[in-house]
Amino acid sequence: MTEPRPVDEAGDAAPWRPTAAHLRAVAVAFGTLIVGLLFGRPDMVVVGVPFAWIVLWSTIDRPRGHAAASARIGNTVLREGDATAWRCRVEGAAGAEVVAARTTPTAWVEWWPHGGADAVFVDSTGTVDVEMRMRSTRWGRRTIDPVRLTAASSFGAFQTLLTTGHVGLVTLPLPASFDADAPMRTTDGLVGLARSSHAGEGSEFSSLRPFAIGDRIRRINWPRSLRSDGLQVNATWADRDTHVAFIADAADDFGRSDGIDGAASSLDTTVRAISAIAEHHIARGDRVSVRSFGTVTQLTVPPGTGQMHLRRVLDALTRLRPANDGLTIRRAGRRPLPVTGAALTVMLSPLVTRDALDRAVELGRHGLRVVVIDTLPQQVTADGDAFTRLAWRIRLLDRRREIRRVQQAGIPVVRWRGPGSLDQFLRDAARRASAPRLRT
Amino acid sequence: MIERLVGELWAEMRTASPERWVLVAAAIGSAIVLAALARVDHPLVLACVMGFAAIAALQPASNAGLATMAIVLARWLATADDATTPDTAALAIGLITFHLSLAVMATVPQAITLDPRLRRRWLLRLAGLAGIAMTTWVLVEVFTRRALGTSTALATAAVLAIAAGAGAVRASLSRSTR
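Residues numbered from 1 in each chain as written. Chains lettered and ligands numbered in written order. Predicted model: local features only at pLDDT ≥ 70, side-chain atom pairs only at ≥ 80, totals over all residues. Heavy atoms only, no water.

S.K.: Explain the overall build of chain B to me, and be specific about the residues and the numbers.
M.R.: Secondary structure assignment for chain B yields seven helices and zero strands. Starting at the N terminus, the α and β elements of chain B follow one another as α-α-α-α-α-α-α. Within the span of chain B, comprising 178 residues, buried residues form 43% of the whole. In chain B, of all internal contacts separated by at least 6 residues, the share reaching a separation of at least 24 is 67%. Looking at chain B as shown, the accessible area adds up to about 9,000 Å², and 69% of this sits on carbon and sulfur atoms. (Helix = DSSP H or I, 4+ residues; strand = E, 2+ residues; numbered from the N terminus. Buried < 20%, exposed > 50% of the residue type's maximum accessible area, 1.4 Å probe, protein only. Contact = heavy atoms within 4.5 Å. Areas by Shrake-Rupley, 256 points an atom, 1.4 Å probe, with all protein chains shown as cover.)

S.K.: Tell me about the nonpolar core, and name the residues and values.
M.R.: Formed by 64 residues in total, the largest nonpolar core has its most connected members in Phe51(A), Leu91(B), Leu95(B), Phe98(B) and Leu129(B). Membership of the second largest hydrophobic core comes to 36 residues, among which are Val170(A), Ala276(A), Ile373(A) and Phe425(A). (Core = buried A, V, L, I, M, F, W, Y, C linked by side-chain atoms within 4.5 Å.)

S.K.: I'd like a description of the packing of aromatic side chains, backed by residues and values.
M.R.: For any pair of aromatic rings, the description consists of the separation of the ring centres together with the inter-plane angle of the planes. Residues and elements named next belong to chain A. Evaluation of the coordinates by the stated rule reveals five aromatic pairs over all chains. Both rings, one in Trp86 and one in Trp111, keep their centres 6.3 Å apart while their planes meet at 75°; by these two values the pair is edge-to-face. Of the two residues, Trp86 is situated in strand β5 (residues 83-91) and Trp111 in strand β7 (residues 109-112); the sequence distance between them amounts to 25 residues. Comparing Trp86 with Trp111, the two get one shared label, buried. Judged by centre distance (5.7 Å) and plane angle (85°), the rings of Phe254 and Trp392 are edge-to-face. (Phe/Tyr/Trp six-rings, centres within 6.5 Å; stacked < 30°, edge-to-face > 60°.)

S.K.: Please give an account of the interface of chain B and chain A that cites residues and values.
M.R.: Taken together, the contact between chain B and chain A spans 56 residues of the former and 47 residues of the latter. Interface area for chain B against chain A, summed over the two sides, is near 4,400 Å², with a carbon-plus-sulfur share of 74%. Put simply, chain B and chain A have two salt bridges between them. For Arg121(B), the salt bridge is made with Glu97(A), and the minimal N-O distance between the two is 3.3 Å. (Buried area = accessible area lost by both parts, 1.4 Å probe. Salt bridge = Lys/Arg side-chain N within 4 Å of Asp/Glu carboxyl O.)

S.K.: Pulling in residues and values, what's your account of the packing of helix α2 (residues 42-60) of chain A against helix α6 (residues 116-145) of chain B?
M.R.: Each packed pair of helices is defined by two parameters, the angle between the axes and the distance between the axes. For the pair α2(A) and α6(B), interaxial distance at closest approach is 9 Å and the crossing angle is 145°. Here the hand of the crossing between α2(A) and α6(B) comes out right-handed. For the pair α2(A) and α6(B), contact is made by Pro42(A), Val45(A), Val46(A), Val49(A), Pro50(A), Trp53(A) and Ile54(A) and by Leu129(B), Ile132(B), Ala133(B), Thr136(B), Trp137(B) and Val140(B), respectively. Of the residues assigned to the contact of α2(A) with α6(B), the class counts are twelve nonpolar, one polar and no charged. (Axes fitted to C-alpha atoms, helices over the stretch in contact; angles between N-to-C directions. Left-handed = near helix turned anticlockwise from the far one by under 90°. Nonpolar A, V, L, I, M, F, W, Y, C, P; charged D, E, K, R; others polar.)

S.K.: Quick rundown of the sheet that holds strand β6 (residues 96-102) of chain A? Include the residues and the values.
M.R.: Across the sheet, which stays open at both edges, the five strands sit in the order β2-β12-β11-β6-β8 (chain A) with antiparallel pairing between neighbours. Sheet topology places β2 (17-18) and β8 (117-121) of chain A at the edges, where each strand pairs with a single neighbour. With five bridges joining them, strand β11 (residues 148-153) of chain A and strand β12 (residues 158-163) of chain A adopt antiparallel strand pairing. Across the sheet, Leu149(A) pairs through a bridge with Leu162(A), a residue of β12(A). Here α6(B) sits on the sheet in contact with β6 and β8 of chain A, set at roughly 125° to β6(A). (Pairing = 2+ DSSP bridges.)

S.K.: Lay out the packing of helix α3 (residues 43-58) of chain B against helix α5 (residues 86-107) of chain B with the relevant residues and their values.
M.R.: Residue and element names in this part refer to chain B. Where α3 meets α5, the axes come as close as 9 Å, and the angle between the chain directions of the two elements is 30°. Residue-level contacts link Ala53, Ala56 and Ala57 of α3 to Phe98, Leu102 and Met105 of α5. Its residues assigned to classes, the contact of α3 with α5 shows six nonpolar, no polar and no charged.

S.K.: Go over a nonpolar patch on the surface with me, naming the residues and quoting the values.
M.R.: Residues and elements named next belong to chain A. There is a patch of nonpolar side chains on the surface, built from Phe30, Ile34, Leu38 and Phe39 and spanning about 490 Å² of accessible area. Relative to the elements of secondary structure, Leu38 occurs in helix α1 (residues 20-39). Since its relative accessible area comes to 66%, Leu38 is described here as exposed. (Patch = residues over 30% accessible without salt bridge, like charges linked within 9 Å, V, L, I, M, F, W, Y side chains within 5 Å.)

S.K.: Residues and numbers for the pattern of salt bridges, please.
M.R.: Inspection of the entire model under this criterion finds 25 salt bridges over all chains. Across the salt bridge formed by Arg75(B) and Asp41(B), the nearest N and O atoms sit 2.9 Å from each other. In this pair, Arg75(B) sits in helix α4 (residues 64-79) while Asp41(B) sits in the loop between α2 (18-37) and α3, placing the two residues 34 residues apart along the sequence. Owing to a relative accessible area of 24%, Arg75(B) belongs among the partly exposed residues under this scheme. By relative accessible area, which is 59% here, Asp41(B) ends up exposed. A cluster of three or more residues bridged by salt bridges with shared partners is formed by Glu80(A), Arg138(A), Asp253(A), Asp268(A) and Arg272(A).

S.K.: Got a sec to walk through the confidence of the model for chain B? Specific residues and values, please.
M.R.: Any region with low pLDDT has predicted coordinates that should not be read closely. In the predicted model, chain B carries a mean pLDDT of 83, and 80% of its residues have values of at least 70. Across chain B, the element-wise mean pLDDT spans from 62 in helix α7 (residues 151-177) of chain B up to 94 in α5(B). (pLDDT = per-residue confidence, 0-100.)

S.K.: Requested: an account of helix α4 (residues 266-283) of chain A, with residues and values cited.
M.R.: Here α4(A) contains 18 residues, and its C-alpha end-to-end distance of 26 Å stays within 8% of the 26 Å for a straight helix at 1.5 Å per residue. Note on α4(A): the residue one or two positions beyond its end, Gly285(A), has a positive phi of about 90°. (Expected span 1.5 Å × (residues − 1).)

S.K.: Outline the pairing of strand β3 (residues 68-73) of chain A, listing residues and values.
M.R.: All names here are of chain A. Burial along β3 is one-sided: the residues Ala69, Ala71 and Ile73 are buried and none of Ala68, Ser70 and Arg72 is. Here β3 runs beside β5; their pairing, made up of six bridges, is antiparallel. By the bridge assignment for β5, Ser70 is matched with Arg89.

S.K.: Hey, could you go over the side chain of Glu97(A) for me, with residue numbers and the actual values?
M.R.: You can see Glu97(A) is positioned in strand β6. A residue is classified by how much of its surface remains accessible, and Glu97(A), at 2% relative accessible area, is buried. Among the polar contacts listed, one links the side chain of Glu97(A) to the side chain of Arg121(B), at a separation of 3.3 Å. One polar contact links Glu97(A) to Arg125(B), side chain to side chain, over a distance of 2.3 Å. (Polar contact = N/O pair within 3.5 Å; in protein donor to acceptor, adjacent residues only side chain to side chain.)

S.K.: Got a sec to walk through the sheet that holds strand β4 (residues 77-79) of chain A? Specific residues and values, please.
M.R.: Residue and element names in this part refer to chain A. Taken in spatial order, the three strands line up as β4-β13-β10 in an open sheet, and their pairing is mixed. Two strands close off the open sheet at either side, each with one partner strand: β4 and β10 (140-144). Neighbouring strand axes in the sheet, compared pairwise and without regard to direction, differ in orientation by 30° on average. Direction of pairing for β10 relative to strand β13 (residues 167-172): antiparallel, over a ladder of five bridges. For Thr143, the partnering residue across the bridge sits in β13 and is Gly168. Each of β4, β10 and β13 is contacted by helix α5 (residues 307-317), which is oriented at about 120° to β13, the strand it contacts most.

Structure below.
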């Protein structure tokens, strides 16, 4: 956890105001005592005296100082499902009896204890620390609304209201689990763990061949050389890196999102899948780039590698906001294609509109290796409205036909299943790359 | 709109702690006792008392509690024949319970369980105020039995003098602890 940072320096000192409880006590005390004295009703005195005593006590005990609050948050950048501490120090509350904190409900933010409410007893020093924990359950950038703190005096007669400032909270996506056993070929980079289709400097054994001028001494296979007429060296496949380009279709978010603990929407699956595949490839030394379309502002992360670049990718993904607007999507459609020829292009889309499939076919026609990951949640058709369910069924039938056509055009479409989602595609691609070719 | 309001109210009440429900029950229960003591037998008046009490229990920072107490006291003034029966002390204790229940609910969020020190303090207050009500009733009873002419004024003066003394002691204590 990072050093706690102040998010609001001392909420404005608010005056102590009488509450409805004080008004009630004053009204009953004076009303009953006056009626009792004027009309000779001793029963009203019996009723009025305890209330007079409440008024007297709470007036004598009335807080005089100016309370001020300063709040701090442990960490403003979290991963999905992570929690951080929210601390607030209230000072100058001498004479107060209790300080109560109430948070405003924020989507995908959970608070402890008591769902974002707490009440702390104030001792004679008038300084009290309120501490709560918050947990962010979904990726994205959101603003935590001010926390309202109410300091109350004895008998709840006087109150002062303090509010903290807005807090910006960045929640990085938690990568889904992903692994790919299949090798990737045809790379054009200089570093990395992906085996190239070309022989060269690397670590993976390719074949044995006779020694040639320029070969390193450590490459000589001495046991084999002893059994043959000349020196034999171990040939290897070159170790190269791969540029994996992600294209995220974030035009809309389909399905319900319950955060990290529940159902995932299409955009949740997209973001977590990109995180997972990017993390996998960056760990192998590959380069990763991300583009989006259909968003409010187009997301662009240029190719790069390393842990800092992964952090950059995750940070950029938190900015994804669906435009839900056909005009934005059409405008984005006119932008140039973002990927280079040698890249593996992974497009993630719920495939509800034809836009993503059209783009995938277009990329395929440019000779790029493209795979489309279908991120539409299974439960998307579950709707209370019968007409909506029917509309979904019709759309899904159309969608199935469109996907079949795209597959016939040579663009594989796979469902996101976590580990191994891309294995079949990568194996097929490797098989095609290693097949003999006729050069004319 | 009413449906939305009820929905929001219900959603809020679902998060309430068991202690909160005890306080709500105390407020509603004391309102029922007050209505019985004040002989609120007219259905409309009874509906008003219970309606205001329910609103006050759900929104303790409102003035619905004051309206409940005002109706009960007005009804008591209209129907009570003998001002010095034990019902008077019961009425006072009922009003105190109702008032303190609302005051606690207005002070702390509904989802939380009270700090034990706070709970003890409020219970002591309830007991102390009930004691004051009983003492006042005894004083009034004594003055009335002995047929002192200005019993009301005397009782008021005597009790207020005691209260002022207690208040002064309390003030000096709180000054010394700060």
